[in-house]
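So the chains spell out like this:
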Amino acid sequence: MPVHRSGTTAPRRRPRLFAAGTLLAALTLLLALPAPASAADVPERGTARMGQGVIAHDGQGGAPTGTRAVQTEGVDVSSHQGDVAWPTLWNSGVKWAYVKATEGTYYKNTYFTQQYNGSYNAGMIRGTYHFATPDTTSGAAQANYFVDNGGGWSKDGRTLPGVLDIEWNPYGAQCYGKTQAGMVAWIRDFVNTYKARTGRDAVIYTATSWWKDCTGNNAGFGATNPLWVARYNTTVGELPAGWGYYTIWQYTSSGPTVGDHNHFNGALDRVVALANG
């Protein structure tokens, strides 16, 4: 006959209950989190173009007001523009152009010939730019790829030095997963290699806010590399550390014929001087 022993039954555990306030706070936090990016939200590799992140990150103001210095009008183009009406631009007062040549070590502009030769044939001084992707390959590798695929230079009075387009990452984290010191080292690797290959210091295209975030506002390039700054507003605003003045100012992405318009900080003879080095 079984014997019942009192006091040996384990007490039943009460289910844990979250306070209503805790649940509400957790739900609010989840709703506030951004939705994960889908593959459809990320542009196709190779489609990046100069300044495409400016409005999203820095906004857009009015048209530039008058400046005391003479400015020479120019444009920048990529495959986004397709075949460009260069005579129309020339007749509107555009005297120089920069054409996207490469991106990373995986893309060459499919409209490069029409754009690069077309601007030259219209009478413009022209050059090329490279859209940097510091998360894919080294600065040296990308500089070599650029020079080998349209980024070279010759002292003919019509060819501008190459441009390193270093700005927000359209494919992921804005600083490409690099620390500020790592980004500075990558840029240094690129510009040193470009100069070794061409004899010229590359122009650096960037936006002040990106430069602050991703390089820590490094001041180490202003003495050697001309600045092309992006700001869509009435004035050029604050420049990145190290540069006392801009050489080129991209002031809009909604100009006539070609959207991306720029002021060169000087008369046409200064554009020629930059081309000649």
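Residues numbered from 1 in each chain as written. Predicted model: local features only at pLDDT ≥ 70, side-chain atom pairs only at ≥ 80, totals over all residues. Heavy atoms only, no water.

Draft legend 1. The pairing of strand E8 (residues 248-252), seen in detail. Most of E8 sits out of view: 5 of its 5 residues are buried. When strand E7 (residues 227-230) meets E8, the two strands line up parallel, connected through 3 bridges. Along E8, the bridge assignment pairs alanine 230 with glutamine 250. Pairing of E8 with strand E9 (residues 261-265), which is carried by 4 bridges, proceeds in the antiparallel orientation. Paired with threonine 252 across the bridge in E9 is histidine 261. (Buried < 20%, exposed > 50% of the residue type's maximum accessible area, 1.4 Å probe, protein only. Helix = DSSP H or I, 4+ residues; strand = E, 2+ residues; numbered from the N terminus. Pairing = 2+ DSSP bridges.)

Draft legend 2. Just the environment of tryptophan 96, in detail. By the element assignment, tryptophan 96 lies in strand E2 (residues 96-103). According to the relative accessible area criterion, tryptophan 96 is buried, its value standing at 0%. Along the backbone, tryptophan 96 and glycine 127 are 31 residues apart, and their C-alpha atoms lie at a distance of 8.3 Å. Only 3.3 Å separates the side chain of tryptophan 96 from the backbone oxygen of glutamate 73, close enough to count as a polar contact. (Polar contact = N/O pair within 3.5 Å; in protein donor to acceptor, adjacent residues only side chain to side chain.)

Draft legend 3. Structural context of the confidence of the model for the protein chain. Residue-level pLDDT values for the protein chain average 87, and 81% of them are 70 or greater. Within the model, the stretch residues 1-11 combines pLDDT values under 50 with 0 contacts to residues more than four positions away or in other chains. Throughout residues 15-20 the model reports pLDDT below 50, and contacts reaching past four residues in sequence, or to other chains, amount to 1 contact. (pLDDT = per-residue confidence, 0-100. Contact = heavy atoms within 4.5 Å.)

Draft legend 4. Spatial organisation of helix H7 (residues 208-215). Turning to H7, its buried residues number three or more, namely Thr208, Trp210, Trp211, Cys214 and Thr215. An end-on view of H7 places all buried positions within 160° of arc, on one side of the element. Its buried side turned inward, H7 meets helix H6 (180-198), strand E6 (203-206) and E7. Two residues or fewer past H7, glycine 216 is found with a positive phi of approximately 75°. (Arc of directions from axis to C-beta.)

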